[in-house]
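# Structural overview for review
Given next are the chains, with one letter for each unit.
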Amino acid sequence: MILAYLAGAGLGLAALYMFIPSILTRMIGWGVLRKGNTKHRAAFTFDDGPHPQYTPRLLDLLKQHQVKATFFVLGSQAEQYPELIRRMHREGHQIGIHNYEHISNWLMLPGTIRREHLERSADIIESIIGIRPSYYRPPWGLINIFDFFLRKPYRIALWSLITGDWSSRVCRTKLRSTLLSQITDGTVVVLHDSGEAPGADRNAPYFMLEALEEVLGQLQSRNLQFVRLDELAVHG
């Protein structure tokens, strides 16, 4: 009886800490940025970088098409490749935080997330470009109840279109059509310029970049302008 009670209490705490916050953010967008409400504007966001092979090619592509984007970088990668962070900033892109390492917020205590991931990463980015980031995307978009208290220093940003581009197969077969058919006014797209995260294919960004190169011109011909998240009028 006691064991059943403890198990029930544990499940209730887990639901409060992990599952309910994620349902609130994913299903109704409570407390997070998911989509814009301005016509003719959308946003590309890129997670998990910077990566020494794929991020420079991505930056070249964005520059070619005069697209501004938001990069949610890992603090550990920013620390390792500061020149890529400087280039992002120099070329007008927004830089946000994606934790110091790609670890789920469901697996950490709130103090650990704040000290070892958010503040540590913010310090690294600020030391590189002189600006402290104010946007945050937790890995996999997984929110815990205490993350909502981060909203004063950080705006939590999720997405309205996730494409599965961490899979090489998806990038080869579906990504082009997904981008062309589902991006519209206000869409916040998440893509990945690194394949190093758990569950990702290491070469997936190569195929993502091929698809993105093919579709950017077509998307812009629809009178869509791609901007940073802080330039996108949003709700949520």
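In this text, all values refer to a predicted model and were calculated from it rather than measured experimentally.

### Regarding the packing of helix H7 (residues 175-182) against helix H8 (residues 204-220)
- It is at 9 Å that the axes of H7 and H8 come closest, and there the two elements cross at 30 degrees. For the element pair H7 / H8, the angle class is roughly parallel. Along this stretch, H7 crosses H8, giving a crossing that reads as right-handed. Residues Leu-175, Arg-176, Leu-179 and Leu-180 of H7 form the contact with H8, whose participating residues are Met-208, Glu-210, Ala-211, Leu-212, Glu-214, Val-215, Gln-218 and Leu-219.
- The residue makeup of the contact of H7 with H8, split by class, is 8 nonpolar, 1 polar and 3 charged.

### Topic: the nonpolar core
- Counting residues in hydrophobic clusters, the biggest one holds 60 residues, and the most contacted among them are Phe-44, Phe-46, Phe-71, Ile-183, Leu-212 and Leu-229.
- In terms of residue count, H8 provides more of this core than any other element does, 8 residues in total.
- Apart from residues lying up to four places away in sequence, Phe-46 is in contact with Leu-58, Leu-62, Ala-69, Thr-70, Phe-71, Phe-72, Leu-191, His-192, Asp-193, Met-208 and Leu-212.

### Digging into the confidence of the model for the protein chain
- Averaged over all residues, the pLDDT of the protein chain is 88; the fraction at 70 or higher stands at 84%.
- In the predicted structure, residues 2-12 sits below a pLDDT of 50 and forms 0 contacts with residues beyond four places in sequence or in another chain.

### A word on unusual backbone geometry
- In this structure, Pro-50 follows Gly-49 across a cis peptide bond, with omega equal to 0 degrees.
- Positioned with a positive phi, His-40 is a non-glycine residue whose angle comes to about 70 degrees.
- Mapping His-40 onto the fold places it in the loop between strand E1 (35-36) and strand E2 (41-47).
- Taking the relative accessible area as the measure of exposure, His-40 reaches 39% and is therefore partly exposed.
- With a phi angle near 75 degrees, Asn-99 is a residue other than glycine that sits in the positive phi range.

The rules we used
Residues numbered from 1 in each chain as written. Predicted model: local features only at pLDDT ≥ 70, side-chain atom pairs only at ≥ 80, totals over all residues. Heavy atoms only, no water. Axes fitted to C-alpha atoms, helices over the stretch in contact; angles between N-to-C directions. Helix = DSSP H or I, 4+ residues; strand = E, 2+ residues; numbered from the N terminus. Parallel < 35°, antiparallel > 145°, perpendicular 65-115°, else oblique. Left-handed = near helix turned anticlockwise from the far one by under 90°. Contact = heavy atoms within 4.5 Å. Nonpolar A, V, L, I, M, F, W, Y, C, P; charged D, E, K, R; others polar. Core = buried A, V, L, I, M, F, W, Y, C linked by side-chain atoms within 4.5 Å. Buried < 20%, exposed > 50% of the residue type's maximum accessible area, 1.4 Å probe, protein only. pLDDT = per-residue confidence, 0-100.

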